[in-house]
Amino acid sequence: MTRYSVLVVDDEQDFREIMVKKLRKKELECDGAPDGETALQMFSPGKYDVVLLDVKMPGRDGIEILQEMKKIAPMTEVVMLTGHASVESGINGIKFGAFDYLMKPMDMERLMEKLDAAYERKRSQQQKIEMAQIKKDMAMPS
Amino acid sequence: MKTLLARLKRLFSSPAAAHPTLEELQHLFTSRYLHFRELLTANNNALEAMAEMEKALLDGRSYSMAFIRAKSTIITVNVFKMIDNLRYIADGRYGQLVVAYRNIEKTIDELIDQSRPAVEGDWVLPLTRVNRSLVELSGEKMANLGEAGTVKDIQIPEGFVITSGAAQAVFSHNNLFTEINRIIQQTDARDLEDLHRRSHQVQKLIMACSLPTELERLIKEQFDLLENKIGRPIEVAVRSSGLGEDLGRASFAGLYRTELHIDRDQLIDAYKAVLASTYSARAMTYRLTKGYRHEQMLMGVGCLLMVEAAVSGVCYSRSMTGERQCMEIFWAPGSGKGVVEGTKDTGRLLVKRHYPFEIIEKKGTPLSVLSDKQVTQISEAAMKLEARFGTEQDIEWSIDSSGSLFILQSRPISVSPWAQSQPDPAPLADQQLLLRGGVTACPGAEAGQVWVVRSTVDLLGFPHGAVLVVEHPLPEWAPLLRRASALIATTGSVAGHLATIAREFNCPALLGVRDALNVLQNGQVVTVDATSRFIYGDRVDQVISCNVDKQNPMHNSPVEQTLKAVLSRITPLTLTDPTSPFFRSSRCRTLHDITRFCHEKAVVDMFGFGERYRYVKGAAKRLVGNMPMEWWVINLADGFAATYDASNKYILIDEITCEPMLAIWQGMHAIPWAGPPRVNVRGMGAILFQSTRNPGLDPAAPSAMVQKNYFLISKNYCNLSFRLGYHYATIEAYISSLRTERYVTFRFKGGAADESRRIARVELLAELLVRHQFRVEKIGDSLAARVEKRSQNVLYNCLKILGYLSIHTRQIDMVMSAPGQMMRYRNKFNKEIKEMLSHGKREN
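Conventions used here
Residues numbered from 1 in each chain as written. Chains lettered and ligands numbered in written order. Predicted model: local features only at pLDDT ≥ 70, side-chain atom pairs only at ≥ 80, totals over all residues. Heavy atoms only, no water. Phe/Tyr/Trp six-rings, centres within 6.5 Å; stacked < 30°, edge-to-face > 60°. Helix = DSSP H or I, 4+ residues; strand = E, 2+ residues; numbered from the N terminus. Buried < 20%, exposed > 50% of the residue type's maximum accessible area, 1.4 Å probe, protein only. Core = buried A, V, L, I, M, F, W, Y, C linked by side-chain atoms within 4.5 Å. Contact = heavy atoms within 4.5 Å. Patch = residues over 30% accessible without salt bridge, like charges linked within 9 Å, V, L, I, M, F, W, Y side chains within 5 Å. Areas by Shrake-Rupley, 256 points an atom, 1.4 Å probe, with all protein chains shown as cover. Salt bridge = Lys/Arg side-chain N within 4 Å of Asp/Glu carboxyl O. pLDDT = per-residue confidence, 0-100. Pairing = 2+ DSSP bridges. Axes fitted to C-alpha atoms, helices over the stretch in contact; angles between N-to-C directions. UniProt positions renumbered as here; feature names shortened; annotations may be inferred. Polar contact = N/O pair within 3.5 Å; in protein donor to acceptor, adjacent residues only side chain to side chain. Parallel < 35°, antiparallel > 145°, perpendicular 65-115°, else oblique. Left-handed = near helix turned anticlockwise from the far one by under 90°. Buried area = accessible area lost by both parts, 1.4 Å probe. Lys, Arg positive; Asp, Glu negative; His and termini not counted. Charge placed at Lys NZ, Arg CZ, Asp CG, Glu CD.

Undergrad: Summarise the packing of aromatic side chains; cite the residues concerned and give the values.
TA: Residues and elements named next belong to chain B. Overall, the coordinates contain 16 aromatic pairs over all chains when judged by the stated rule. Considering the side-chain rings of Trp 631 and Trp 665, the 5.9 Å spacing of their centres and the 85° angle between planes classify their relative orientation as edge-to-face. A residue pair is termed long-range when its members are at least 10 positions apart, and Trp 631 in strand 21 (residues 630-635) and Trp 665 in helix 21 (residues 659-669) qualify at 34 residues. Exposure class is identical for Trp 631 and Trp 665. Each is buried. Of the aromatic side chains, those joined through ring pairs into one cluster are Tyr 94, Phe 583 and Phe 597.

Following this line, the structure appears as structure tokens:
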């Protein structure tokens, strides 16, 4: 039984593969994508609960991909990964709707904390929206 | 007295959202609470990171730009989150905060990412055109050398400089800084193994990069010009000339690479190798310890015609050992490498600083002999250089086979001289003396475990505080000097690079201890008395120097200055008083101000929740209890037991799962109420008088407002607004497993007696609450009290006390003016609260 699903987007192959393996061990459903374009192809509303997204990637960078993802599936929570963090890159992600950012290298415990919190937010937001929808349907039966 | 009614009315009804439905109320509560919690968490994260930054500045430890960057990012991101969450809670108000925040954030970002402004000027310059005024282009070392070349009768090797402008072009041509920053940000500086790996990664990156075509052409052109001038195939030495290198306080001695005997074909690779050495492990450690930023370290590179040296050495224009009227000359046959790396037997001379440069002392037995004429020649040059640069100089020189003296380098001496110990100190008689002799490269005494380092492999496992024992004092051991308690080498002299660095780090160093490797065993504890040149076989506390004034190596460094500048926009708190008219979003000067403001406003808005939104008809369940009053409960989230049937009109206390409410309830019932106090005629008169003027205050008059008291609850949250007798009170609490979110608040207002008695009651309440760790504010007859972030147990007790007081302070305002009553009630309340709480303890 998996708890929730995660997409790891990072161009560093070693990091990506280790991450996917570790997250699966933590009973998460987990896929990896080597770049933003691939990630967007794999991505669809409802497919992933949380995305772990590297800011710095060749081709389209993480911030751009984040914006696309938020357009496709606003409920999905995105945690940004930054290597060389400047104040700027940390904030940009949050401004465009990322849940939080993590700085590489990070330990597994912190990562799990962040992912769990992101999923918790996604779940509670979704519940709220579902409730509102039910109420609307009940008020105006079609 | 119309104000009292108006006040009560205001307290009881919200002007805007008067009667939301239950769903709306629940939704409002949960979403606001979610944002409030996120705000508190962000507040915590931001404050924690601020504390860590301040601590780093005070501790005098070394920290990196990566540290400043990471912490600033944590702070700015979390402050941003706070603003976001506050604006949600406050329905979009406080737009000014965003403006204030943006300004501060922009300044901080500029301070941190201040990359070097573009260097203007030639990429390649002949050495004859270089002097001190071109230091920004040529780097320190070549600027000094070029300047030395302009001094009369001083000869320097011919050559040219590839400038820092060229280095910048190489870096931006290959977009190296972004990648290098990425690699370095992830470096754990305490982990030497990791540092070596990262250093290797960066150097590989630089070695693999390509030069702009124009630069490559210019370099080769200069080389060919030089070759034509000499008229035969030439070889050059390629030497680093960093910016900020060779400054007074930081020598960067021997940290960068020098490539010798380079011909035309090897030139470009040699240049890249010297550039790459900016990121050698030892240079990275040194910069980190001394607080230099690598982005600022653009390297100029000198290409100097090789001098075929017969004898080379170093000259300190004033002796390091404190013989103030002497200079010190070190020499060895061949090139100077052996002297500065301490691998060759080095001769040492003490020479008077003035003509005729009389030789005072001669030590060491090098194979070649330096003639008196040559000594005079070197001494003269040294004094001329000192005069030109205006300060004592550390000079590298060579004399070629034809007897010409070349100055290869001249830089200010980076540490102050120390006083020589008496010529022949005696060892302590009662201690085991293992070794004696050698040269003091840095005075002082320390003890530690012996750790012999022969290769870079041994380097990795080096324990903190060990005594570093090596054969030769090579510059590559420099990273260990931060962790070593002392340094011992079998060869070397005061003039070596490692000796220079040992002095900068204040690490006691004894060099030229010939038998050190034969006598000292790994793991053995020894005391190195570098001042008196003894090594004892155990810890000898009486000689260990108390380095009280061990100076902070980061002092005044660029990184420290950056941290200070960044902190000035983060930590000072200028908004301190929430009641001041200047406590406004537009007045936020620092990030700390913003956190303070957000926190205050969020708390006010959240605490006002129960006040702003009143009950919903039909959603409230009547609590079945043994009290005569009517208690109603509204479930905001998970405050009822799962088994409770929501269609019921009544609920039992056993069906409530809200812990804070249960605590209040317990407090209310712990001790039976003694009934209203006996009132004298005057007191009763005052009440009757007020009651006739304000019908709403008459407890006998039926009114929904007066009769019903409401609990708004979830599992962890409780808001109780009630009237008992004639006063109005609110208790609100949130108690969860997260310490930072917990709070209990209490507001109390009103009464039926005249004002002085109501105030007297508030005084009594305040006194009792302060005693139980509440923070209390009083205005007139109203009171607000708050406790936050305490253990769950403390907070539950606070709620019990509030429950107790709500019941037992009923109507006592009426008797507050009677003599002795105040005291009587104080004693009674204190005694009963104590009884209640100790009873609760036994139950637990």
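Undergrad: Mind laying out the nonpolar core, listing which residues take part and the relevant values?
TA: With 105 residues, the main nonpolar core has Ile 219, Tyr 271, Trp 397 and Leu 468 of chain B as its most contacted residues. The element contributing the most residues to this core is helix 11 (residues 267-276) of chain B, with seven residues. Residues in contact with Leu 468 of chain B, not counting those within four places in the same chain, are Trp 451, Val 453, Phe 462, Trp 477, Leu 480, Leu 481, Ala 484, Ala 486, Leu 487 and Ile 488 of chain B. Core analysis: the next-biggest nonpolar cluster, separate from the first, contains 80 residues, Ile 65 and Ala 73 of chain A together with Val 98 and Cys 588 of chain B among them.

Undergrad: An account of a nonpolar patch on the surface is needed here, citing residue identities and associated values.
TA: A grouping of Val 624, Tyr 650 and Leu 652 of chain B is seen on the molecular surface, where their side chains present a nonpolar patch of about 290 Å² in accessible area. By secondary structure assignment, the location of Val 624 of chain B is in strand 20 (residues 621-624).

Undergrad: Give me the confidence of the model for chain B: which residues, what numbers.
TA: All names here are of chain B. Considering every residue of chain B, the mean pLDDT works out to 80; 84% of them sit at 70 or more. No element of chain B has a lower mean pLDDT than helix 23 (residues 704-707), which averages 40, and none a higher one than strand 2 (residues 159-162), which averages 95. Predicted confidence for residues 1-18 stays below pLDDT 50, and this span has 25 contacts to residues more than four positions away or in other chains. In the predicted structure, residues 681-706 sits below a pLDDT of 50 and forms 33 contacts with residues beyond four places in sequence or in another chain. The complex prediction reports pTM at 0.59, with the ipTM value standing at 0.73.

Undergrad: Before we move on, could you go through the sheet that holds strand 11 (residues 405-412) of chain B and cite the residues and values that matter?
TA: Residue and element names in this part refer to chain B. The antiparallel open sheet is built from six strands, whose spatial order is 9-8-7-6-10-11. Of all strands in the sheet, those with a lone pairing partner are strand 9 (359-363) and strand 11, marking the two edges. Here the average twist between neighbouring strands, direction ignored, is 20°.

Undergrad: Quick one: what's the story with the UniProt feature "modified residue: 4-aspartylphosphate" (unreviewed entry) in chain A, residue by residue and with numbers?
TA: Residues and elements named next belong to chain A. Taking the UniProt record as the reference, the feature "modified residue: 4-aspartylphosphate" (unreviewed entry) is found at Asp 54. Tracing the chain through its elements places Asp 54 in strand 3 (residues 50-54). Once residues lying within four places of it in the same chain are set aside, the contact partners of Asp 54 are Val 9, Asp 10, Asp 11, Gly 62, Leu 81 and Lys 104.

Undergrad: Go over the side chain of Ser 72 of chain B, please, and point to the residues and values.
TA: Locating Ser 72 of chain B in the fold gives a position in helix 3 (residues 65-89). At 2.7 Å, the side chain of Ser 72 of chain B forms a polar contact with the backbone oxygen of Ile 68 of chain B.

Undergrad: Describe the packing of helix 9 (residues 192-207) of chain B against helix 12 (residues 281-290) of chain B, listing the residues and the values that go with them.
TA: All names here are of chain B. Following both chains from N to C, one finds helix 9 and helix 12 inclined at 115°, their axes separated by 9 Å at the closest point. The pairing of helix 9 with helix 12 is recorded here as roughly perpendicular in orientation. In this structure, helix 9 meets helix 12 at a crossing whose hand is right-handed. In this structure, helix 9 contributes Leu 195, His 196, Ser 199 and Gln 203 to the contact, and helix 12 contributes Ala 281, Met 284 and Thr 285.

Undergrad: Could you give an account of the interface of chain A and chain B, naming the residues involved and the relevant values?
TA: Chain A puts 22 residues into the contact, and the matching count from chain B is 25 residues. Across the chain A/chain B interface, buried area totals approximately 2,100 Å², and carbon plus sulfur atoms make up 63% of it. Applying the counting rule to chain A against chain B returns three salt bridges. Summed over the shared surface of chain A and chain B, the result is three residue pairs in polar contact (both at pLDDT 80 or more).

Undergrad: With reference to specific residues and values, describe the sheet that holds strand 2 of chain B.
TA: Residues and elements named next belong to chain B. Read across the sheet, five strands follow the order 1-2-5-3-4 without closing on themselves; strand pairing throughout is antiparallel. Of all the strands in the sheet, the pair left with one neighbour each is strand 1 (124-126) and strand 4 (258-262). Within this sheet the neighbouring strands show an average axis-to-axis angle of 20°, counted without direction. By the bridge criterion, seven bridges tie strand 3 (residues 236-242) to strand 5 (residues 299-305) in an arrangement that is antiparallel. Following the sheet pairing, Ser 240 is matched in strand 5 by Val 301. Sheet strands in contact with helix 6 (residues 140-149) are strand 2, strand 3 and strand 5, and its direction is about 115° off that of strand 3. Lying on the sheet, helix 10 (residues 213-230) is in contact with strand 1, strand 2, strand 3, strand 4 and strand 5; it crosses strand 2 at an angle near 170°.

Undergrad: Describe a negative patch on the surface, naming the residues involved and giving the relevant values.
TA: Residue and element names in this part refer to chain B. Together, Glu 235, Asp 263, Asp 265 and Glu 308 give the surface a local cluster of negative charge. In this structure, Glu 235 sits in the loop between helix 10 and strand 3. Classification of Glu 235 by relative accessible area gives partly exposed; the value is 35%.

Undergrad: Give me the lowdown on the environment of Pro 672 of chain B, citing residues and values where you can.
TA: Along the polypeptide, Pro 672 of chain B turns up in the loop between helix 21 and helix 22 (681-693). The sequence separation of Pro 672 of chain B and Tyr 804 of chain B amounts to 132 residues, and the corresponding C-alpha distance is 9.5 Å.

Undergrad: I'd love a proper account of helix 16 (residues 497-504) of chain B, names of residues and values included.
TA: Residues and elements named next belong to chain B. With eight of its eight residues buried, helix 16 lies for the most part within the structure. Within helix 16, the full set of buried residues consists of His 497, Leu 498, Ala 499, Thr 500, Ile 501, Ala 502, Arg 503 and Glu 504. Asn 506 lies just past helix 16 and shows a positive phi near 55°.

Undergrad: Give me the lowdown on the pairing of strand 8 (residues 347-352) of chain B, citing residues and values where you can.
TA: Burial within strand 8 of chain B is extensive, with five of its six residues counted as buried. In textbook terms, the turn of a hairpin is the stretch between consecutive antiparallel strands, and for strand 8 of chain B and strand 9 of chain B this stretch comprises six residues, one of which, Phe 357 of chain B, has a positive phi near 55°.

Undergrad: Residues and numbers for the pattern of salt bridges, please.
TA: Within this structure, the stated rule accounts for 36 salt bridges over all chains. One salt bridge connects Lys 229 of chain B with Glu 158 of chain B, and the closest N-O pair in it is separated by 2.5 Å. Taken together, the residues span a long stretch of sequence, with Lys 229 of chain B in helix 10 and Glu 158 of chain B in the loop between helix 6 and strand 2 at a distance of 71 residues. For Lys 229 of chain B, a relative accessible area of 57% translates into the label exposed. The partly exposed category is assigned to Glu 158 of chain B, whose relative accessible area is 31%. When salt bridges that share partners are traced, they join Glu 37, Arg 60, Glu 64 and Glu 68 of chain A into one network.

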